[in-house]
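Take a look at the letters that make up each chain.
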Amino acid sequence: MAIHRSSRSSEDTEKQDLSLKHAPTLQPSHLEDTISPVQRIATLPGRAIGIQLPLERAPTTARIPIEYRTLSIHVYDSQRFDYPGPKPHRPSPGRRFWRRKDQAATDAGDGDADFFGKLDFHSITPEQVCQRFNVSPDAGLDTSAATKRLQRNGSNVLTQKKSQYWKKILRYVFGDFCSILWVGVVIFFISWKPLGDPPAPYNLALAIVVIIVIALQAIFSGLQDWSAQRVMASILNLLPENAVVLRDGQPKSIPSSELVVGDVVQLSTGQKVPADMRIIKASNDLKFDKSILTGESEEVAGTVDSKETNFLESHNIALLGTHVCNGTATAVVVLTGARTVMGRINKLTNSSDEQKTNLQKEITRFVIIIICLTVTLVIIMLITWLAWLRVEHYDFLNTTGILVDLMSLVVAFIPEGMPIAVALTLSLIARRMKAAKVLPKSLSVVETLGCVNVVCSDKTGTLTENKMSVVSLGFVDKTFNGTQEVKMDSMAFNELRRSMTLCNDAFFDPSTDNLPIPERQVQGNATDGALLRYVSALPGGMGLIKEQYNRVFDKPFNSKDKFAFTYVEPASEKRRMVPQGERVILLTRRAYRSIHPHGSIKFEEELGDAALGELTVIGLVGILDPPRADIPSTVSELRRCGARVFMVTGDFRLTACAIAQQIGLLSSRADPDRVADFEQKGRHDQLEEVRDDRHAFIEGSLLVEGKEIADLKPEQWDVICKYEEVVFARTTPEQKLRIVTELRGRGCVVAVTGDGVNDAPALKAANVGIAMVSGSEVAMEAADLVLMGDFSSIIEAIRLGRLVFQNLQKVISYLLPAGSWSEDWPVILNVFFGCPLPLSSFLMIIICCFTDLFCCLTLIFEKEEFDLLTIPPRDPKNSHLINTNIYGQSYLFIGTMETITAHAMFFYYMYSAAGIPITSMFFAFANYSDGYYGWSQDELNNFLNTGQCVYFVTLVILQIANLNSVRNKRLSIFQNGPQHNLALFLGPIVSLAIAIFVTMEPGLQNLFGTATVPIKFWMLPIPLAVGLLMMDEIRKLLVRTWPKGPIAKVAW
């Protein structure tokens, strides 16, 4: 609203001519873009394309506004503020997968919302507040009463979060696989001393080697955590040191920590509010800076009375941590310490832990399965030893021997290199995403993108260019488009031009003043920029009109009131949509006399009321914000990859639908369905047909307006969430959060885009929150991903998210055959069949942590085998990282071939070198000792050591073939050869070098019993490895030939 002040004497009552620019249909996530007279340039978040703005930075940590916004929304929800119907449906607590990322915070937040929703300190009179706390507003509390209250309620301090470094260190050292490896360390130490007789250095060395492996994993995990950690500034310094209170009738400065409820506090300019308090007296110019809570730097007026029902949003409540920018006030403390708004936010941020992402859950699931299998085998072997071997073959396997065998089994079953491979895979994909202008804030959230099946996007600046231009003008009797001549000298046009000039905060960047008007950079929001360019291009520009008026006052736009005005000349902004997707601004004017003096709170309230009625229409301005050129193809690609795109906008329904049709989000030109049409069109019956099919939807499009959301029932939400195309129009931030919650509660994996402060709760509630780099810091803090380019980069992000899952499956499928299955069977043969151990524990560790690790790391560089966007999104509940098919491929197919081949090489060497046939190796038990087949004990030990190294070398060479096999699930090596991933040549070279070093280094030979492998047994495994590769090629051929055949069904 702009206000034109007529000339007057200082004694005269003021008379103003109000031209209103009214905006009741603004998009909540883009409020800043549509309020020309509200925000000063310093407070505008820089996000317009072609309109360069400085990035808004919150004065302190950006996480506080996220929690504050969410809490405020929940308070409205608990009060049923926006609607008279029942509270909105919330997903059942039993459906844990779809609960918010931080369920502990959610539960606590719901309790806080109910608490603040029931407070009425802001709605009762100052006298009632004083009566409730038994305090005199003129004398304050007496010292004795204050002391008793302090003892009863505790000090006014915020709880400090204790350092959790020791927990992190424990998690690094004892978490996941490390927990069971430590058991192995203890057993190896015990086997060395005191059970060793004499103590065997081999067992001590094994214990040290396992400790080194644990240390390397812990260091790596710590570095990953440290590099990804986002440091949040402490909020403990929000509490001022001292406060001025009335005690015993006298003003007194006391430490803020000694404040109690009922204290009468005096506030003045520059002070920090020391507790949550109710204002009972205030100067006319009282203003607060609440940016620490809201993330918005616009000053907020403080009043004695307020009509606001929400305690957190009421103007007569001063909240702890906010600043008094101007004026003075007297207030009564109503909440202190942990009970304050800031105290409860502090508690949430201190106590809540982020819930694990889908990938973290999958890794944990895999760890649990491996540990359970390990423990099961250990128990079976221990029972076998106790019941049989210990009785009949004690000399073969004594206590020390069985403990070493059991720990060998533990070491064998656990793929120790997997955590490092997973972390490096995520790091590499994160770098590739950054190259695609997508910045992931958390490595593990990258994979979640591949599961997304609903993308909720706002409109302005995301789907559209945010480059607005005036395309039409309208008056009472005639409309003009951009190509028609308008009579510049007409009274109607001059009134319209004056309003567009005065109700405008945008301006040209002085450094571009020498450029043509269309090429100049604009400082300000997109709507004002469009009016600025239009008026500036007219003869005389804007200068003459601006010189004739002075700006006195402006009121910011907010998503609740839906309008803003500037006291220069009456201005109000009303927006509606037309079929072409134009944004139409209605300009009005009104003659008005103000009663209250400038600068007072009453003056502001008076103008706000005056802007709502008795308005004369000046004209209409049509502004077009065209869709981005790449958006139609982006929407099409998202649909191709199985993700539905929903528009969630604050704009009017006709404009939202027009833009949605232009970009292909609504595929039909017909009017979309409405909620009221469900019964008539039989949508509930159609829902039953597709309810249980995750990839089947109700065909058609749907339009839902914000005013309808409050009254929706759970069964209606069931239908809405199954529609293929949905546009949510005229929504508020509260409703956007509700939409996300309802979608997640019905099994959808939701990605939400946003860039405003008000988007933060929805971004945090989504499975994947996506912020624009040009948005507010609060939005980027709440998001999981930041798009540094345009919206189309989300396609590459989804592709890479799916590639992460594919490559991790390949990594694990590569590690399991040799690093688990082929290492278990030597122990099984040793315990159950009395065979000398074909593979030593030391060589098992070398395979898991070194030779296999370097080879599997080459798989993280693999590109997609086929177009990953053609497959539907993964269902996190049913589609797991490690499934039955992968276990079958790794254990029963590749693993079994490797196990048989490696054992065959071991037995062949023992026969060719020592003349001991395979039949004599089985059930040898204690017979394999001095004199067996005429060999001494030392000679037998040497044969066994060499045979173990033959087994080891065979596995290393076979794994090279497995590496080339596992990199393709369906394609042949001739279709996608190793030349497409040059790292495949480096990994095997490093692995072979390690194998040569381990078997030939004299120090290791003496300590760990390794031995030099004859060249013959380096050559023999090569054709066997080729045979393994060919066997898998035959499997792939059968899968490609009969894609629905039995082999294809069990293929991984």
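Everything quoted here is computed from the prediction, not taken from an experiment.

Asks: Sorry, what's going on with the overall build of the chain here?
Replies: What the chain contains, in helices and strands, is 36 helices and 28 strands. The burial tally for the chain puts 59% of its 1052 residues in the buried class. Put simply, of all contacts in the chain between residues at least 6 apart along the chain, 77% involve residues at least 24 apart. Total accessible area on the chain stands at roughly 41,800 Å², and carbon and sulfur atoms take up 58% of it.

Asks: Looking at this model, I keep getting lost on the confidence of the model for the chain. Mind explaining?
Replies: Low pLDDT marks stretches whose predicted atomic positions should not be read closely. Summing up the model confidence of the chain, the mean pLDDT is 81 and the portion of residues at 70 or higher is 83%. By mean pLDDT, the top-scoring element of the chain is helix 34 (residues 1016–1019) (97), and the lowest-scoring one is strand 20 (residues 574–577) (33). Contacts for the low-pLDDT stretch residues 1–60, under 50 throughout, to residues beyond four places or in other chains number 288 contacts. Within the model, the stretch residues 81–109 combines pLDDT values under 50 with 70 contacts to residues more than four positions away or in other chains.

Asks: What's the story with the UniProt feature "transmembrane region" (unreviewed entry) in the chain in this structure? I'm lost.
Replies: When the UniProt feature table is mapped to this numbering, "transmembrane region" (unreviewed entry) covers residues 169–192, 204–223, 366–388, 408–430, 906–928, 940–961, 982–1000 and 1006–1030. Counting secondary structure, residues 169–192 comes out at 88% helix and 0% strand; the distance between its end C-alpha atoms is 28 Å. Secondary structure over residues 982–1000 splits into 95% helix and 0% strand, and the C-alpha atoms at its two ends are 29 Å apart.

Asks: Just to check I follow, could you spell out the nonpolar core for this structure?
Replies: In a soluble, globular protein the nonpolar side chains are often hidden away together inside. Ranked by size, the top nonpolar core spans 164 residues in total, and within it Phe366, Met433, Leu638, Met647, Tyr928 and Phe952 carry the most contacts. Residue contributions to this core peak at 19 residues, all from helix 27 (residues 793–832). Every residue in contact with Leu638, bar those within four places of it in the chain, is listed here: Val455, Ala643, Val645, Phe791, Ile794, Ile795 and Ile798. The next biggest cluster of nonpolar side chains, apart from the first, holds 42 residues, and it includes Ile73, Ile698, Cys748 and Val786.

Asks: How should the sheet that holds strand 5 (residues 264–267) be read in this particular structure?
Replies: Whenever strands of a sheet pair, they do so through backbone hydrogen bonds, lying parallel or antiparallel. In spatial order, the strands read 4-3-5-11-6-9; together these 6 strands make up an open sheet with antiparallel pairing. Because the sheet does not close on itself, it has two edges, and the strands there are strand 4 (250–255) and strand 9 (317–318).

Asks: For this particular structure, what's the right way to read the pairing of strand 23 (residues 644–648)?
Replies: Taken residue by residue, a regular strand's side chains alternate between the two faces of the sheet. With 5 of 5 residues buried, strand 23 lies mostly within the body of the structure. In strand 23, alternate side chains face the same way, and those of Arg644, Phe646 and Val648 on one face and Val645 and Met647 on the other are all buried. Two strands pair when backbone bridges link them, and strand 13 (residues 454–457) and strand 23 are joined in this way by 4 bridges, in the parallel orientation. If you follow Cys456 over to strand 23, its bridge partner there is Phe646. Relative to strand 25 (residues 723–729), strand 23 is paired through 3 bridges, and the arrangement is parallel. Its bridge partner being in strand 25, Met647 is matched across the sheet by Val727.

Asks: I keep staring at unusual backbone geometry and nothing clicks. Help me out?
Replies: With glycine set apart, most residues show a phi of negative sign, and most peptide bonds adopt trans. Cis geometry is found at the peptide bond from Lys193 to Pro194, where omega equals 10°. Among the structural elements, Pro194 can be located in the loop between helix 6 (178–192) and helix 7 (201–228). In this model, Asn134 sits at a positive phi of 55°, which is unusual for a non-glycine residue. In this structure, Asn134 sits in the loop between helix 3 (126–132) and helix 4 (143–153).

Asks: Looking at this model, I keep getting lost on the side chain of Arg497. Mind explaining?
Replies: Within the fold, Arg497 resides in helix 14 (residues 491–502). Note on Arg497: relative accessible area 11%, which makes it buried. Here the side chain of Arg497 touches Pro539 through a polar contact of 2.6 Å, landing on its backbone oxygen. In this structure Arg497 touches Val535, Leu538, Pro539, Gly540, Gly541 and Ile545, once residues within four positions along its chain are discounted.

Asks: Can you walk me through a nonpolar patch on the surface in this structure?
Replies: There is a patch of nonpolar side chains on the surface, built from Phe974, Ile1015, Met1019, Ile1022, Val1026 and Met1030 and spanning about 630 Å² of accessible area. With 3 residues, helix 35 (residues 1021–1041) is the single largest residue contributor to the nonpolar patch.

Rules behind the numbers
- Residues numbered from 1 in each chain as written.
- Predicted model: local features only at pLDDT ≥ 70, side-chain atom pairs only at ≥ 80, totals over all residues.
- Heavy atoms only, no water.
- Helix = DSSP H or I, 4+ residues; strand = E, 2+ residues; numbered from the N terminus.
- Buried < 20%, exposed > 50% of the residue type's maximum accessible area, 1.4 Å probe, protein only.
- Contact = heavy atoms within 4.5 Å.
- Areas by Shrake-Rupley, 256 points an atom, 1.4 Å probe, with all protein chains shown as cover.
- pLDDT = per-residue confidence, 0-100.
- UniProt positions renumbered as here; feature names shortened; annotations may be inferred.
- Core = buried A, V, L, I, M, F, W, Y, C linked by side-chain atoms within 4.5 Å.
- Pairing = 2+ DSSP bridges.
- Polar contact = N/O pair within 3.5 Å; in protein donor to acceptor, adjacent residues only side chain to side chain.
- Patch = residues over 30% accessible without salt bridge, like charges linked within 9 Å, V, L, I, M, F, W, Y side chains within 5 Å.
- Salt bridge = Lys/Arg side-chain N within 4 Å of Asp/Glu carboxyl O.

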